[in-house]
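Fold and geometry: a report
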Amino acid sequence: MNAAERFRAAVDNQDLAALEDLFTDDIRFYSPVKFTPFEGKPMVMGLFGVLLRTFEEFSYIGDHTGTARTSTDATVAPSAVLLFRAKAGGKEIHGIDLLHFDDDGRIKEFTVMVRPRSAVHALGEAVLAGLVADGLAPAPTHP
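Rules used in this analysis
- Residues numbered from 1 in each chain as written.
- Predicted model: local features only at pLDDT ≥ 70, side-chain atom pairs only at ≥ 80, totals over all residues.
- Heavy atoms only, no water.
- Helix = DSSP H or I, 4+ residues; strand = E, 2+ residues; numbered from the N terminus.
- Rg over C-alpha atoms; globule rule 2.2 N^0.38 Å.
- Buried < 20%, exposed > 50% of the residue type's maximum accessible area, 1.4 Å probe, protein only.
- Contact = heavy atoms within 4.5 Å.
- Lys, Arg positive; Asp, Glu negative; His and termini not counted.
- Charge placed at Lys NZ, Arg CZ, Asp CG, Glu CD.
- Pairing = 2+ DSSP bridges.
- Phe/Tyr/Trp six-rings, centres within 6.5 Å; stacked < 30°, edge-to-face > 60°.
- Lys NZ or Arg CZ within 6 Å of the ring centre and 35° of its normal.
- Expected span 1.5 Å × (residues − 1).

Some words on the overall build of the protein chain
Counting secondary structure elements, the protein chain contains four helices and six strands. What you see in the protein chain, going N to C, is helices and strands ordered as α-α-β-β-α-β-β-β-β-α. Taking 2.2 N^0.38 as the reference for a compact globule, 143 residues should give roughly 15 Å; the C-alpha atoms of the protein chain span a radius of gyration of 15 Å, in line with that estimate. Taken along its principal axes, the extent of the C-alpha atoms in the protein chain is 45 × 30 × 30 Å. Split into buried and exposed, the 143 residues of the protein chain put 43% on the buried side. Contacts spanning at least 24 positions in sequence make up 50% of the contacts within the protein chain whose residues lie at least 6 apart. On the protein chain, the mean spot of the 14 positive side-chain charges and the mean spot of the 20 negative ones are 7 Å from each other.

Regarding the pairing of strand S6 (residues 107-115)
As defined by bridge partners, strand S1 (residues 23-30) adjoins S6 across four bridges and the pair is classed as parallel. Paired with Tyr30 across the two strands is Thr111, which belongs to S6. Looking at chain direction, strand S5 (residues 91-101) and S6 are connected through eight bridges and run antiparallel. Counted as the bridge partner of His94 is Arg115 from S6. Joining the antiparallel neighbours S5 and S6 is a turn of five residues, in which Gly105 adopts a positive phi near 85 degrees.

Some thoughts on the packing of aromatic side chains
In this description, an aromatic ring pair is defined by two values, namely the gap between the centres and the angle between the planes. A complete count under the given rule lists 13 aromatic pairs for this structure. Ring plane angle 15 degrees and centroid distance 4.9 Å describe the contact between Phe29 and Phe110, whose orientation is recorded as stacked. In this pair, Phe29 is assigned in strand S1 and Phe110 in strand S6, connecting sequence segments 81 residues apart. Taking relative accessible area as the criterion, Phe29 reaches 3% and is therefore assigned buried. Using a relative accessible area of 1% as the deciding quantity, one classes Phe110 as buried. Taken together, Phe7, Phe23, Phe29, Phe38, Phe48, Phe55, Phe58, Tyr60, Phe84 and Phe110 form an aromatic cluster joined through their ring pairs. Taking the ring centre of Phe38 as reference, the NZ or CZ of Lys34 above it sits at 4.6 Å.

A word on helix H3 (residues 41-54)
Between its terminal C-alpha atoms H3 stretches 19 Å, which fits the 20 Å expected from 14 residues at 1.5 Å a residue. Counting buried positions along H3 yields 11 of 14 residues, so the element is predominantly enclosed. Along H3, the residues that are buried comprise Lys41, Val44, Met45, Gly46, Leu47, Phe48, Gly49, Val50, Leu51, Leu52 and Thr54.

Observations concerning the side chain of Thr111
By secondary structure assignment, the location of Thr111 is in strand S6. Exposure remark for Thr111: the relative accessible area of 15% places this residue in the buried category. Residues contacting Thr111, with those up to four places away along its chain left out, are Tyr30, Ile96, Asp97 and Leu98.

Dropping the structure here:
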């Protein structure tokens, strides 16, 4: 089983311990709802705890493996694109997970893209609420 298949199995089984073993210590997670990446294994693991609770009817529906340039240093690295469907906040989501691997087959960079825009908004609100509830983000302030 390759790294992308191990990742899919961990998500399907909601197995956070298996996910933690797949991430590098300095992983970067690029979210569709946040300009700067989530950085480091502790933060990304906290985020995945929230994501696994937030997504409803999550299912990977396809994949592609190959190589791609990373966004951090523009090196070519083994990669996988995983297509998924899910719901969050009552909105249907179509999305992809783009995974970049290091030489040991661990995920060093993770980018999520989702559509439509209404789903991005609903997902962002749900994830922020989960991060705040778990003490991983400050509560938003409203003027």
